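Residues per chain are reported as follows:
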Amino acid sequence: VRMIIKNKDALCLIAEDFDSPAKRIKNLRKSQGFSLEDTRAMTGIGIKRIEAIESGERELSVSDIIRFATAFKTSGDYIIFGKKEGGAANGFIHQ
């Protein structure tokens with residue numbers, strides 16, 4: 001969580017990691033400028049499945065996690081737990 005000071009009396013907190021793997025995957029894709037087609041080409045996962053994963057309608061398989069982590073140059077830990085470094089989950093799944 002980052003803090004942004006809007007004025008000396010109020011703070012605005014912004015969630016950096018989002019709440020779910022689905023939201024993290026969608027944010028990673030968009031923040032890196034990838035379209036659904038780009039993501040399909042990089043992961044081998046069909047567009048309808050990617051959309052279902054990003055919307056939370058479909059659960060992630062271990063294979064999906066590894067493919068997304070590799071494509072977005074992140075760790076499986078980040079996709080699953082939202083942890084970038086440290087913590088009990090660190091190193092659980094990484095490429």
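Draft legend 1. Molecular detail of the packing of helix α2 (residues 36–43) against helix α3 (residues 47–54). At a minimum axis separation of 9 Å, α2 and α3 run at an interaxial angle of 105 degrees. On the basis of the axis angle, α2 is roughly perpendicular to α3. Side by side, α2 and α3 meet where Leu36, Glu37, Thr39, Arg40 and Thr43 of the first sit next to Ile47, Ile50, Glu51 and Glu54 of the second. Classifying every residue of the contact of α2 with α3 gives three nonpolar, two polar and four charged.

Draft legend 2. Layout of unusual backbone geometry. The phi dihedral of Lys73 is positive, around 55 degrees, even though this residue is not glycine. Take Lys73: it is sitting in the loop between α4 (62–71) and α5 (76–81).

Draft legend 3. Representation of the pattern of salt bridges. Tallied over the full model, the rule gives three salt bridges. The salt bridge involving Glu37 is made with Arg40; its shortest N-O contact spans 2.5 Å. A residue pair is termed a helical-turn pair when its members lie 3 or 4 positions apart in one helix, as Glu37 and Arg40 do in helix α2 at three residues. Residue classification places Glu37 among the partly exposed residues on the basis of a relative accessible area of 39%. Take Arg40: its relative accessible area is 33%, and that puts it in the partly exposed class.

The rules behind these values
Residues numbered from 1 in each chain as written. Predicted model: local features only at pLDDT ≥ 70, side-chain atom pairs only at ≥ 80, totals over all residues. Heavy atoms only, no water. Axes fitted to C-alpha atoms, helices over the stretch in contact; angles between N-to-C directions. Helix = DSSP H or I, 4+ residues; strand = E, 2+ residues; numbered from the N terminus. Parallel < 35°, antiparallel > 145°, perpendicular 65-115°, else oblique. Contact = heavy atoms within 4.5 Å. Nonpolar A, V, L, I, M, F, W, Y, C, P; charged D, E, K, R; others polar. Salt bridge = Lys/Arg side-chain N within 4 Å of Asp/Glu carboxyl O. Buried < 20%, exposed > 50% of the residue type's maximum accessible area, 1.4 Å probe, protein only.

Function cannot be inferred from these measures alone, as they are strictly geometric.
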